[in-house]
Every structure is written in structure tokens, then in C-alpha cells.
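What the coordinates show
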Amino acid sequence: MDSSSANVDIKKKQQQAPTPQNTPIFSAPINSSVRPSVPTVEEDIETIQTPGTSLLANNPALMSMLQGRLGNLVGAPSGYVQTLSPEVRRRVNGLKSLQNKHAVLEAEFQNEILALEKKYLALYTPLYEKRADFVSGKTEPTDAEVEDGVSEDEDEDEEDEEEEDDKDAEKVEGIPEFWLTALKSHPQFADIITEKDEEALKHLVDIRMAYFDKPGFRLEFEFSPNEFFTNTLLTKTYYYQDEPGYGGDFVYDHAEGTKIEWKEGKDMSVTVETKKQRHKGTNKTRVVKKTVPAETFFSFFTPPVAPEDDDEDVEEDEDIDEKLEADYGLGEELKDSVIPRAVDWFTGKALQYQDGGDQYDDDFEYDDEDDEEDDDEEDDEDDDDEDVPAKDEKAPECKQQ
């Protein structure tokens, strides 16, 4: 599944992949035992005002217009090919023919990957269905399944003792708050789940996915009856463009989500703000209620919409592009990571395989010797300062034995 997610472009959004030319092999270590021997040189830097700089700085509209026109020049043909001789241009056209054939093969490659993903999703589905039964408490795992699921670092004796202690405890069906815990363990979803969301997500009993005949996929969230909304199934569908992108990749087009039927007073997507207004003439006050959008996980089912092509607001377009990319990224994480490895997110094991921190942290080991040397040097400087007499103070008399 992971291979296709890496081969999907966001519409109107192109990114530059890391290459050997723009990615350093090693990062420079922060601490180093090498100290520069060049003495500090202090210079007076004269600021030179370039003619016209203040004009642009004081005119944001002019600056925006220039940036827009310069941006249109990026990626424009240089005209070099037109300067080539006819026989060389003929060979270039031959190369283009080969590239066209290559593009056809790339499109076939992507289609075969999608077909392979569909095939294995059909093989995964019985496992997902049994997982849903375990989580809901409809069925219990067999002794063989439990034994197979015990990790090498777990102590079975301790588990047996805990089971004996829990015999008198209240009976619990299935695995409570399984999907809520799994989602909260994922950094991207933990950022968008609020305390109010948690109460509703406790009723989330399963998350599934499905493919279509055309490229695209649908996420399904199944809920048990709850006090927040009447829906028992919330869906989010991601559509790709009909025409493949450069290199045969699928190009993300848009997403559609289920309209949530909130029960009265339970809508988490809005907040009601209450303000008092005083009439200037009569001096009477009235209470005005205003509904404003609220941050909630359930905004996931109301995806952002791409701007129209004739919209010339560059900043707004960039903001929408970022939201589209983030929204698509959440869908991909659910499809490729959360759904296939839900129990690992529930237990926290999946966090061990997340890309976090400095990738070179394990490659270098730093001691505190340099820091201690710095502290010693500072202490020595302080001692030297104490020995230097003040401006009006006489130096101590040196006594010889």
C-alpha cells in the first residue's frame, strides 16, 4: 500500500524531492573539540541603501505584482533548443518519442500497483472483520491466537496473575476505546482531537477502507448509537483526476465527506459566542448570540475545496493548497498506517517506527567534556577579573619573602 501513496501528486501542488545535489550526506556536528585560532575581528559595517528598495518596501501591492510576474517566469523555456541545428533538434524529437513510450509504461505500472493493492485488500478484509469482532466483543480470540500474539518481552505468568485478580472485577466487553486510543497515539491525529471529540470517539467501533473501479478510495467510520449525532456511518472519499500526472502518477483532485446529523445542542463543529450590546439611544442592553467555527476532529468530514482557476489571490491559494495537502495526508495515514496496524497504534508500538528527531542523532556521540572546558574557561576569566584592580583602586603590594 505504501508504494502508491508515494506516487500521488496533489493538484496544483508540486514538491521538490530530495536529491544528492540538495541533501547533505552528513550534518555538521554541533559540538566540536576544534576551536578556531583566528582572533575576533570587529568591523564597522556600512549599510548601503539600494535605490528603489524603500519604494518596494512601502508598496506591498507593487511588490506582490512583481513577485507574481517573476513567478510566471519560473519553468519557462530558455529558448536553447530553438538555437540548435535542425539535425540536433531531430534527435531531440526522437528522444521525446522514447519518453512518450516510457510514460505509457509508467501508467501501466501505476495501474498494476493499484490492482495489486486491491487484491491484497481483499485478502486483508477477513482479518479486519475478525479484528472488529474482537474489539466490539462479538467474539473472543482462541487460545492459539492469544499465544501467537504474545510478544517475546511479555511475561505470561504476570498476565495470568492479573487475570486471577480481575475475576471479581466488572465484566468488560471487547476492547473499550480501542480506536480512540489508536488515533490519539498517532501524532497527526492527536493534534486535531479535542477533549470534546474524545467523548464522541469513544463510540467509534471500526475504521475501514475500500477502493473503486477508478483510482480513489473511501474511508468508513462506524459508530455505535451515541448522544452526539444520528449517523452510524461517516465516510470520507478521495477522488483522483481521470488523467494521470507526470510519470503516470495519480493526481489527487478532491475529497467529499458525509454530512454529520448533529443532535440538538451537540454540534462540535461550531461554538456559540454570547455578547451583550447596549443601545446608545435607549441605553438598553440585549444579548446577541453568534455561531463561529470550532476546532474539532469531525471537521475531517468537511474537506477544504480547491479555489477556482480565476482566483488571483496568491496567498489564499497557497493557504488552501496547504490545507488540501494536510487533508490528503490524513487520509493516506489512515489508509496506509492506522487501519493496517491499528493494534500497534493502540499499544504504542508503531511510535517506535515513526520518523522523529534528528536522523543523525544516533550517528554521533557527544560528551560533556567541551561544555566542562567552556565552564572552566569562564571560571578562569572570572578569577582573572577579580585580580584586576578597579579604576581608582591601587594594585595590591607584592611582598617578597
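Points about the overall build of the chain
Counting its regular elements, the chain contains 12 helices and 7 strands. Of all 401 residues assigned to the chain, the portion counted as buried reaches 22%. Total accessible area computed for the chain in this model is approximately 30,900 Å², and 49% of it derives from carbon and sulfur atoms.

A closer look at the packing of aromatic side chains
Overall, the coordinates contain 24 aromatic pairs when judged by the stated rule. Here the aromatic rings of Phe-223 and Phe-298 are separated by 6.3 Å at their centres, their planes lie at 40 degrees, and the arrangement is tilted. With Phe-223 in strand β3 (residues 216-223) and Phe-298 in the loop between β7 (285-293) and α10 (314-338), this residue pair connects regions lying 75 residues apart in the sequence. Cluster of aromatic residues (ring-pair linked, three or more members): Phe-221, Phe-223, Phe-229, Trp-262, Phe-297, Phe-298, Phe-300 and Phe-301. Taking the ring centre of Phe-300 as reference, the NZ or CZ of Lys-236 above it sits at 3.5 Å.

Here we look at the nonpolar core
Leu-183, Leu-219, Phe-221, Phe-229, Phe-297 and Phe-298 are the most contacted members of the largest nonpolar core, which has 44 residues in total. Of all the elements, helix α7 (residues 178-185) adds the most residues to this core, at 5 residues. Not counting the four nearest positions on each side in its chain, Phe-298 is found in contact with Asp-197, Ala-200, Leu-201, Phe-223, Phe-229, Leu-234, Ile-260, Trp-262 and Met-268.

A word on the environment of Leu-334
Position of Leu-334 among the secondary structure elements: in helix α10. Residue classification places Leu-334 among the buried residues on the basis of a relative accessible area of 1%. Distance from Leu-334 to His-186, taken between C-alpha atoms, is 10.0 Å for residues 148 residues apart in sequence. Apart from the residues within four sequence positions on either side, Leu-334 is in contact with Leu-183, Phe-189, Leu-219, Phe-221, Phe-300, Ile-339 and Pro-340.

Regarding the side chain of Asp-336
Relative to the elements of secondary structure, Asp-336 occurs in helix α10. Within polar-contact distance, the side chain of Asp-336 engages the side chain of Lys-335 at 3.0 Å.

Quick notes on the environment of Thr-285
Along the chain, Thr-285 falls in strand β7. With a relative accessible area of 49%, Thr-285 lands in the partly exposed category. Ignoring sequence-local partners within four residues, the contact set of Thr-285 consists of Gln-277 and Arg-278.

Some remarks on the pattern of salt bridges
Considering all chains together, one arrives at 13 salt bridges under this definition. Here Glu-198 ties to Lys-184 by a salt bridge, and the two come within 3.0 Å at their closest N and O atoms. You can see Glu-198 sitting in helix α9 (residues 195-201) and its partner Lys-184 sitting in helix α7, a full 14 residues away along the chain. Looking at Glu-198, the relative accessible area reads 21%, which means it is partly exposed. Salt-bridge contacts for Arg-208 lead to Asp-206; the nearest nitrogen and oxygen are separated by 3.1 Å. Several salt bridges converge on common partners, so that one network encompasses Asp-206, Arg-208, Arg-218, Glu-220 and Glu-222.

Topic: helix α4 (residues 86-136)
For α4, built from 51 residues, the straight-helix expectation of 75 Å at 1.5 Å per residue is met to within 8% by its first-to-last C-alpha distance of 72 Å. Maximum bend of α4: about 35 degrees, positioned at Tyr-124, with proline Pro-126 one to four residues after it. When α4 is considered as a whole, its buried residues turn out to be Ala-107, Gln-110, Ile-113, Leu-114, Glu-117, Leu-121, Tyr-128, Arg-131, Ala-132 and Val-135.

Structural notes on unusual backbone geometry
Positive phi is not limited to glycine here, since Glu-177 has a value of about 55 degrees. Residue placement: Glu-177 occurs in the loop between α6 (156-165) and α7. Residue classification places Glu-177 among the partly exposed residues on the basis of a relative accessible area of 35%.

Observations concerning the side chain of His-186
The topology assignment puts His-186 in the loop between α7 and α8 (187-190). At 2.8 Å, the side chain of His-186 and the side chain of Glu-333 are in polar contact. Excluding residues within four positions of it along the chain, His-186 makes contact with Glu-333, Val-338 and Trp-345.

Brief notes about the confidence of the model for the chain
Any region with low pLDDT has predicted coordinates that should not be read closely. With 63% of its residues at a pLDDT of at least 70, the chain reaches an overall mean of 77. In the model of the chain, helix α1 (residues 2-5) stands out as the element of lowest mean pLDDT, 49, in contrast to α7, which has the highest, 97. Taken together, the stretch residues 12-41 has pLDDT below 50 and engages in 22 contacts with residues farther than four places along the chain or on a different chain. Segment residues 357-366: pLDDT under 50, and 8 contacts once partners within four positions in sequence are set aside and those in other chains are kept.

Quick look at a nonpolar patch on the surface
A contiguous nonpolar patch, built from Leu-116, Tyr-120, Leu-123, Tyr-124 and Leu-127 and spanning about 500 Å² of accessible area, is present on the exposed surface. Residue placement: Tyr-124 occurs in helix α4. Its relative accessible area of 32% is what places Tyr-124 among the partly exposed residues.

Observations concerning α7
Of all 8 residues making up α7, 6 are buried, and the element is well covered by its neighbours. Taken as a whole, α7 has its buried residues at Phe-178, Trp-179, Leu-180, Ala-182, Leu-183 and Ser-185.

Reading guide: rules and limits
- All residue numbers refer to positions counted from 1 along the written sequence of the respective chain.
- Note on the predicted model: pLDDT of at least 70 is required for a residue's local features to be given, and 80 or more for side-chain atom pairs to be given and counted; whole-chain, interface and lining totals, by contrast, use all residues.
- To get the side-chain values, take all heavy atoms of the structure and skip hydrogens and water.
- Secondary structure elements are defined from DSSP: runs of H or I of at least 4 residues count as helices, runs of E of at least 2 residues count as strands, and each element is numbered from the N terminus.
- Three labels apply to residues, based on accessible area from a 1.4 Å probe with only protein chains included: buried if under 20% of the type maximum, exposed if over 50%, partly exposed otherwise in between.
- Exposure was quantified through the Shrake-Rupley algorithm and a 1.4 Å probe, taking into account, for residues, occlusion by the shown protein chains and nothing else.
- Pairing of aromatic rings covers Phe, Tyr and the six-membered ring of Trp, with a centre-to-centre limit of 6.5 Å; geometry is then stacked below 30 degrees between planes, edge-to-face above 60, and tilted otherwise.
- Each ring is checked for a lysine NZ or an arginine CZ that lies within 6 Å of its centre and within 35 degrees of its normal; such an atom marks a charge sitting over the ring.
- For the purposes of this section, nonpolar cores are sets of buried Ala, Val, Leu, Ile, Met, Phe, Trp, Tyr and Cys residues that join through side-chain atoms within 4.5 Å.
- Contacts are assigned to residue pairs with any non-hydrogen atoms lying within 4.5 Å of each other.
- Any N or O atom pair separated by 3.5 Å or less is treated as a polar contact, with the protein-specific requirement of one donor-capable and one acceptor-capable atom, and with residues adjacent in sequence counted only for side-chain atom pairs.
- For this analysis, a salt bridge means a side-chain nitrogen from Lys or Arg found within 4 Å of a carboxyl oxygen belonging to Asp or Glu.
- One less than the number of residues in a helix, times 1.5 Å, gives the span that helix is expected to have.
- One axis is fitted to the seven residues ending at the residue and one to the seven starting there. The bend at that residue is the angle between these axes.
- The predictor's confidence in any single residue is recorded as pLDDT, a number from 0 to 100.
- To count toward a patch, a residue needs a relative accessible area above 30% and no salt bridge. Like charges then connect within 9 Å, nonpolar side chains (Val, Leu, Ile, Met, Phe, Trp, Tyr) within 5 Å.

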